[in-house]
Amino acid sequence: MAAEIINGQLLAKELRRNMKNEIAELKQKGLTPHLTVILIGDDPASHSYVRGKEKASAEVGISSKIIRMDKTVDQKTLLTKIAALNKDENVHGILVQLPLPKHIEEQKVIEAIDPAKDVDGFHPINIGRMMVGQDAFLPCTPYGIIEMLKSKNIEIAGKHVVVMGRSNIVGKPMGQLLLNENATVTYCHSKTQDIKSYTKKADILIVAVGKANIVDSSYIKDGAVVIDVGVNRTEEGKLTGDVDFDDVKEMASFLTPVPKGVGPMTITMLLSNTIKAAKGLS
Ligand code: NAP
C-alpha cells in the first residue's frame, strides 16, 4: 500500500493560522513579538532562508528586522551587536543565520546570544535544558518533525527510531527529543558500518544526511515511517531530499516529501519559539 504523505506545508499553514490569532491577542495587550535576524555575507541559500523567515514572520504578525553585515565583518563587531540586542527589551528573538564566514567562531557566536532569546535553540543552555526535559527553546527542525509525527498520531513511545546524521542542529537533538518521547533511539553516521542492518530495523527512520537519494527501499522495513530532512539541489536546480521518494513510497506507511515536507515546519517552529520568547516562558 502506498505511504500516507505528511504534508508539512499544510500542517504549517494550520499552525500559523493559530499563531496569527494568538499574536493578534498579544498585540491587543501591547505585546508584538519581534525577531531580529543577523545575516552575514552573500551566500544565496542563506539569503533565501532569511527571506523565508521574514515573510513567514510578517504573515503571522511577528515584527522582524534583518541586520545585514559584510562577509569581512570581524567577530568583535558581531559579538558587540549581539550584546546590544540581548539588552534591547523590544527584541524577543535573535537568530544569526548559519553558516558563518570561516574567520568567525560559530560556537562563540551561538553562546553570545541570551539563552532567553535563542529562538534557534542552539545555545548549550537550551540544549542542556532539552536533555534533562526542562522547558527550553527546541531546535526548530527536530521540533517540527515531532509536531509532524504527532499530527498523524504516529506512536513514538516504545518504537525503534533510527536517526541518520548526527549534526548539532538536526541529528543529535532529533534523537534526544525522540528519547524524551520514550522512543528507543539509534544514531547512524558516516562511520557507521553496515548501516542498513540498523535502518532496516527502524519503525521510524529520520534521514538528515544531505546526500540526494541516499536512502532507497533497500534501507527500510516494510511499513516504516520515513522522514526526509535533506535538502539537495539536482544539476537541473530541482530541490530533492535524501530519500528516493518514488522507490520508498510503496513500502513506507508515512513519508514526507521534499519540498513541502520538513522545511515549512522548521520555519513554523521558529515563529512558535519567537512567540514563546516574547511571552517570556523560558
Ligand atoms: P551536516 O551537518 O552536514 O551533517 C550530516 C550528517 O550526515 C553528519 O552527521 C554525517 O556524519 C552524516 N553522514 C554523511 N554521510 C553519511 C552516510 N553516507 N551515511 C550516514 N550518515 C552520513 O548536515 P545537517 O545540517 O544535519 O543537514 C542534513 C541535511 O538536512 C542537509 O541536506 C540540510 O540541507 C538539511 N536540512 C534541512 C532542514 C529543513 O528545514 N528542511 C534544516 C536543516 C538541515 P558524520 O558526523 O560522521 O560526518
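About the thresholds
Residues numbered from 1 in each chain as written. Predicted model: local features only at pLDDT ≥ 70, side-chain atom pairs only at ≥ 80, totals over all residues. Heavy atoms only, no water. Helix = DSSP H or I, 4+ residues; strand = E, 2+ residues; numbered from the N terminus. Buried < 20%, exposed > 50% of the residue type's maximum accessible area, 1.4 Å probe, protein only. Lys, Arg positive; Asp, Glu negative; His and termini not counted. Salt bridge = Lys/Arg side-chain N within 4 Å of Asp/Glu carboxyl O. Contact = heavy atoms within 4.5 Å. Near = heavy atom within 4 Å. Polar contact = N/O pair within 3.5 Å; in protein donor to acceptor, adjacent residues only side chain to side chain. Areas by Shrake-Rupley, 256 points an atom, 1.4 Å probe, with all protein chains shown as cover. Nonpolar A, V, L, I, M, F, W, Y, C, P; charged D, E, K, R; others polar.

Caption draft 1: Just the side chain of Asp242, in detail. Along the chain, Asp242 turns up in the loop between strand S10 (239–240) and helix H9 (245–248). An unpaired buried charge is present at Asp242: no salt bridge exists, and Lys211, the closest side chain of opposite charge, is 9.3 Å distant. Beyond its immediate stretch of four places on either side in the chain, Asp242 contacts Val207, Ala208, Val209, Gly210, Lys211, Ala212, Asn213, Ile214, Val215, Asp228, Gly230 and Asn232.

Caption draft 2: Seen up close, the site of the ligand. In the region of the ligand, 22 residues are neighbours, and Arg166, Ser167, Ser190, Val231 and Thr266 sit closest. In the environment of the ligand, an oxygen atom lies 2.5 Å from a nitrogen or oxygen atom belonging to the side chain of Ser167. The separation between an oxygen atom of the ligand and a polar side-chain atom of Thr266 is 2.6 Å. Taken by itself the ligand offers 930 Å² of open surface, and the protein chains cover 70% of this. The greatest single-element share of the shell around the ligand, amounting to three residues, is contributed by helix H10 (residues 262–279). For the shell around the ligand, the residue count by class is ten nonpolar, ten polar and two charged.

Caption draft 3: Looking closely at the side chain of Gln97. For Gln97, the location among the structural elements is in the loop between strand S4 (93–96) and helix H4 (106–112). The class of Gln97 is buried, set by a relative accessible area of 7%.

Caption draft 4: Focus on unusual backbone geometry. Residue Pro99 is reached from Leu98 by a cis peptide bond, and omega for that bond is 0°. For Pro99, the location among the structural elements is in the loop between S4 and H4. In this structure, the amide linkage connecting Val258 to the following residue, Pro259, adopts the cis form with an omega of 0°. For Pro259, the position within the fold is in the loop between strand S11 (254–255) and H10. A positive phi angle is found at Asn213, which is not glycine, with a value near 55°.

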